[in-house]
Each structure stands twice: as C-alpha cells, then as structure tokens.
Amino acid sequence: MSGTRRSYNEEFKRQTVKYIQEQTKTVVELAQELDIPAKTIHQWLGKYRQFQNEPVSSPEQTNELKRQLEEKDQTIARMAEEMEILKKAMHIFSNPKN
C-alpha cells in the first residue's frame, strides 16, 4: 500500500458498510479486495452501520444457546467418563491371567 492518504466520499463509505452487512464477506476479505485498511472499514462500520438489516439476538435466543451449550458440555463429560471406563475394561481384558 502506498504512503499517500486516500479519501473516500460518504456514499462510498455507506455502500461499503451496506455491502458488508448484506454479504458473507468478512471485513478483512473486503479490505483486501478494495485495498483499504481493515481498520478503516471497521471505523466506517462504527459510524454507518444500520442495525435494522442485521438480526438482533433476543434474550430467549441467548438462553436457548446457553442451554444447548450446557447440554453439550454434559454430553462431553459423560462421554469422557465412558471412555475412561472402556479404557480400564480394555486393559483388564487385554492382560490374560495365567
């Protein structure tokens, strides 16, 4: 990137922010594509972002995600315990007694 400072008009900034909100590209990907520092685009997002285009997390959604996470943690813990039992059983049955 060159050492000269470039300026962009308000419409370009707004369109860039709108594009990020509507597309699946990340800020970094778009910054590389447009040859603009990602930090600059993040500043534009802070200034021009319109949240009506983005889904907002509700308390119900947050609680449901927490519940699912706790459920998965419990499943992982149970499976880890089962693996330990199976390891012990394999050790016992793999050592033949004389």
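Here's what I pulled together on the structure shown here. (Residues numbered from 1 in each chain as written. Predicted model: local features only at pLDDT ≥ 70, side-chain atom pairs only at ≥ 80, totals over all residues. Heavy atoms only, no water.)

**Examining the overall build of the chain**
Counting its regular elements, the chain contains four helices and zero strands. Counting helices and strands in the order they occur from the N terminus, the chain gives α-α-α-α. Within the chain, counting contacts between residues at least 6 apart in sequence, those at least 24 apart form 59% of the total. By element, 55% of the accessible surface of the chain is carried by carbon and sulfur atoms, the whole surface being about 8600 Å². (Helix = DSSP H or I, 4+ residues; strand = E, 2+ residues; numbered from the N terminus. Contact = heavy atoms within 4.5 Å. Areas by Shrake-Rupley, 256 points an atom, 1.4 Å probe, with all protein chains shown as cover.)

**Digging into the pattern of salt bridges**
Once their charged atoms are close, side chains differing in charge can pair, the charge on each being opposite to the other. Within the structure shown, the criterion is met by six salt bridges. Notably, a salt bridge pairs Glu10 with Lys13, separated by 4.0 Å at the nearest N-O pair. With a gap of three residues between them, Glu10 and Lys13 both fall in helix H1 (residues 10–22), about one helical turn apart. The partly exposed category is assigned to Glu10, whose relative accessible area is 38%. Take Lys13: its relative accessible area is 17%, and that puts it in the buried class. The shortest N-O distance in the salt bridge between Glu71 and Arg67 comes to 2.7 Å. Linking Glu71 with Arg67, this pair stays in helix H4 (residues 59–94), spanning four residues, or about one helical turn. (Salt bridge = Lys/Arg side-chain N within 4 Å of Asp/Glu carboxyl O. Buried < 20%, exposed > 50% of the residue type's maximum accessible area, 1.4 Å probe, protein only.)

**A closer look at the nonpolar core**
Grouped together as the largest cluster of nonpolar side chains are 10 residues: Val17, Ile20, Val27, Leu30, Ala31, Ile36, Ile41, Trp44, Leu45 and Tyr48. Elements that contribute at least two residues to this core include exactly H1, helix H2 (27–34) and helix H3 (38–48). The leading source of residues in this core is H3, at four residues. In this view, Ile20 contacts Val27, Leu30, Ile41 and Leu45; residues no more than four positions away in its chain are not counted. (Core = buried A, V, L, I, M, F, W, Y, C linked by side-chain atoms within 4.5 Å.)

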